[in-house]
Amino acid sequence: MKTEKCYNCNEELVGEYQVMIYEPNLEFVKCCCMDCAEELKKRNEEILYDRAETVRRQSIQILKKELLTPREIIERFIKKNRYTYKVEDILNSYQDKFLKGYYVSFTMEICIENLENEIRELLKLT
Ligand SMILES: [Zn+2]
């Protein structure tokens, strides 16, 4: 099976964030993550603004489509950052410590910051 690559960083496409680009052609391309999508969007907005004064206020939309379940997204994030957590560790820390205002480690905080939507979905808090 052919894996699709991110237009911006050429990494495997795990999420799908569609961004409209203006160079070389007007088309939608896919990015792996919000950071890549934002980067591409910013570059293309600059191109867009250079071309036409009238569209100065126009902004490129990022269309997000998740290809993975919340659990898979959390697992990917852990692996990508080489953390040793299990998904349950993060869920427990979020529910038992973070939400109650207790101390969580710096790396746990990074996980929570990046994965809060997924965590809440798994804990059925949304
Ligand atoms: Zn990417």
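Draft legend 1. Spotlight on the overall build of the protein. Across its full length, the protein holds four helices and three strands. Going from the N terminus to the C terminus, the protein shows its helices and strands as β-β-α-β-α-α-α. In terms of overall dimensions, the protein is more spread out than a globule: its C-alpha atoms have a radius of gyration of 18 Å, far above the 14 Å expected for 126 residues. Here the C-alpha coordinates of the protein stretch approximately 50 × 40 × 25 Å along the principal axes. Split into buried and exposed, the 126 residues of the protein put 19% on the buried side.

Draft legend 2. Representation of helix α1 (residues 34-51). Its 18 residues place the ends of α1 25 Å apart at the C-alpha level, agreeing with the 26 Å of an ideal helix rising 1.5 Å per residue. Among the residues making up α1, those that are buried are Cys36, Ala37, Leu40 and Lys41. Buried positions in α1, seen along its axis, are confined to an arc of 125 degrees and lie on one side of it. For α1, exposure combined with an orientation more than 90 degrees from the buried face picks out Asp35, Lys42, Glu46 and Asp50.

Draft legend 3. Inspection of the nonpolar core at higher detail. Cys6, Tyr7, Tyr17, Val19, Cys31, Cys32, Cys33, Cys36, Ala37 and Leu40 together form the largest nonpolar core, which totals 10 residues. At the level of elements, β1 (15-21) and α1 are the ones that each hand at least two residues to this core. Excluding anything up to four places from it in sequence, Ala37 contacts Tyr17, Val19, Cys31 and Ile62. Formed by nine residues, the second largest nonpolar core is a distinct cluster that contains Ile90, Cys111, Leu115 and Ile119.

Rules of the game
- Residues numbered from 1 in each chain as written.
- Predicted model: local features only at pLDDT ≥ 70, side-chain atom pairs only at ≥ 80, totals over all residues.
- Helix = DSSP H or I, 4+ residues; strand = E, 2+ residues; numbered from the N terminus.
- Rg over C-alpha atoms; globule rule 2.2 N^0.38 Å.
- Buried ≥ 20, exposed ≤ 12 C-beta atoms within 10 Å, placed from the backbone.
- Expected span 1.5 Å × (residues − 1).
- Arc of directions from axis to C-beta.
- Core = buried A, V, L, I, M, F, W, Y, C linked by C-beta atoms within 7 Å.
- Contact = placed C-beta atoms within 7 Å.

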